[in-house]
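Fold and geometry: a report
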Amino acid sequence: MHCIVTAGPTYEPLDNVRRLTNFSTGTLGAQLAAMLTKERHEVTLLIGETATYRGELDAKTIRTFTTTEHLRSLLREAASQQPTTALFHAAAVSDFSFGKLWWRSQKGELTETTGGKISTRDGDLLAELKPTPKIIKDLRHWFPKAIIVGWKYEVDGTRPDVLRNAGLQMAESGTDACVGNGPAYGEGFGLLKANGELTHLPDKNRLFGALAALIAGNV
């Protein structure tokens, strides 16, 4: 079966030399792709160019992405090329991109600016951050027949908060399952299905097994 796995961070440029990104390493997605490959699935791995995972990448097709829009274009392209059985959207997509930039003078006056490399000598720089469009909300349209699994990584709150947000993600995006994790969830992972079934997985290996079973149970 053909599976797509996204992994690692996107980034958004401030100028030609500076970026806004996140701490995602790409480890979990890369290892999931390797496990699916070992299970003899045909895997396409889309991994962030700045992912710091240094293990071996094992997939039939491996492509790197940069910005949120670049990842979006790769997914649209993949959807048009061949039928996809399952899509595991584990990439840490930037929540914000840069809008307008302004210099603030000592008198508090703002002057809009742009540049290939913005100088640090002209005073305080104010940057507008604009929410990026949610890729996960388009996946069902692009992959109408695929099993789609999203991720909900949360830092603040409690485990019930994470699972509530996971359920909201599925309701808004039409996905089949969501993996909850992060400091707010605590140790391990919570695999929540659209039918409300919740399974706690204590480690990555158990999670990968549950995701493989999810494919097998729907084909």
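Bringing the sheet that holds strand S7 (residues 96–104) into the picture now. Adjacent strands of a sheet pair through backbone hydrogen bonds, lying either parallel or antiparallel. Pairing within the open sheet is antiparallel, and its three strands lie in the order S8-S7-S9. Two strands in the sheet have a free side with no partner beyond their single neighbour: strand S8 (110–113) and strand S9 (124–131). When strand polarity is set aside, the average angle formed by the axes of neighbouring strands in this sheet is 35 degrees. Bridging between S7 and S8 involves four bridges; their strand directions are antiparallel. Note that in S8 the partner of tryptophan 102 across the bridge is glutamate 112.

Quick look at the side chain of arginine 72 now. Within the fold, arginine 72 resides in helix H2 (residues 68–81). By relative accessible area, which is 7% here, arginine 72 ends up buried. With residues up to four places along the chain from it excluded, the contact list for arginine 72 reads Pro133, Lys134, Ile135, Asp138 and Trp142.

This paragraph deals with the pairing of strand S1 (residues 2–7). In terms of burial, S1 is a largely internal element, six of the six residues being buried. Taking every second residue as pointing to the same face, both faces of S1 are buried, with His2, Ile4 and Thr6 on one and Cys3, Val5 and Ala7 on the other. The sheet contact formed by S1 and strand S4 (residues 42–48) spans six bridges and is parallel. Across the sheet, residue valine 5 finds its bridge partner in S4, namely leucine 45. Sheet analysis places S1 next to strand S6 (residues 86–89), joined by four bridges and oriented parallel.

Scanning all chains against the criterion turns up zero aromatic pairs. Cation over ring: arginine 19 sits above tyrosine 11, and NZ or CZ is 3.9 Å from the ring centre.

As summarised here, the arrangement of the eight strands in space is S5-S4-S1-S6-S10-S11-S12-S13, forming an open sheet in which the pairing is mixed. Every interior strand has two partners, whereas the edge strands, strand S5 (61–65) and strand S13 (198–201), have only one. The mean inter-strand angle of the sheet, taken between neighbouring strand axes irrespective of direction, is 15 degrees. Packed on one face of the sheet, H2 meets S1, S4, S5 and S6 and runs near 150 degrees to S5. Against the sheet, helix H5 (residues 204–216) engages S1, S6, strand S10 (147–153), strand S11 (177–181), strand S12 (189–193) and S13, with an angle of about 155 degrees to S10.

Moving on: H5. Its 13 residues place the ends of H5 18 Å apart at the C-alpha level, agreeing with the 18 Å of an ideal helix rising 1.5 Å per residue. For H5, the complete set of buried residues consists of Leu207, Phe208, Ala210, Leu211, Ala212, Leu214 and Ile215. Between the side-chain oxygen of the N-cap and the backbone nitrogen of asparagine 205 there are 3.2 Å, and the N-cap of H5 in question is aspartate 203.

One finds Leu32, Leu36, Phe88, Val149, Trp151, Leu207 and Leu211 to be the most contacted residues of the largest nonpolar core, which totals 32 residues. Secondary-structure elements contributing two or more residues to this core are S1, helix H1 (27–38), S4, S6, S10, S11, S12 and H5. Counting residues per element, this core draws most heavily on H5, which supplies seven residues. Once residues within four sequence positions are removed from consideration, tryptophan 151 is found in contact with Leu28, Leu32, Phe88, His89, Ala90, Gln169, Cys178, Val179, Asn181, Leu207 and Leu211. Counting residues in each nonpolar core, the second largest holds 17 residues, with Leu46, Val93, Phe143 and Ala146 among its members.

About the cut-offs
- Residues numbered from 1 in each chain as written.
- Predicted model: local features only at pLDDT ≥ 70, side-chain atom pairs only at ≥ 80, totals over all residues.
- Heavy atoms only, no water.
- Pairing = 2+ DSSP bridges.
- Helix = DSSP H or I, 4+ residues; strand = E, 2+ residues; numbered from the N terminus.
- Axes fitted to C-alpha atoms, helices over the stretch in contact; angles between N-to-C directions.
- Buried < 20%, exposed > 50% of the residue type's maximum accessible area, 1.4 Å probe, protein only.
- Contact = heavy atoms within 4.5 Å.
- Phe/Tyr/Trp six-rings, centres within 6.5 Å; stacked < 30°, edge-to-face > 60°.
- Lys NZ or Arg CZ within 6 Å of the ring centre and 35° of its normal.
- Expected span 1.5 Å × (residues − 1).
- Polar contact = N/O pair within 3.5 Å; in protein donor to acceptor, adjacent residues only side chain to side chain.
- Core = buried A, V, L, I, M, F, W, Y, C linked by side-chain atoms within 4.5 Å.

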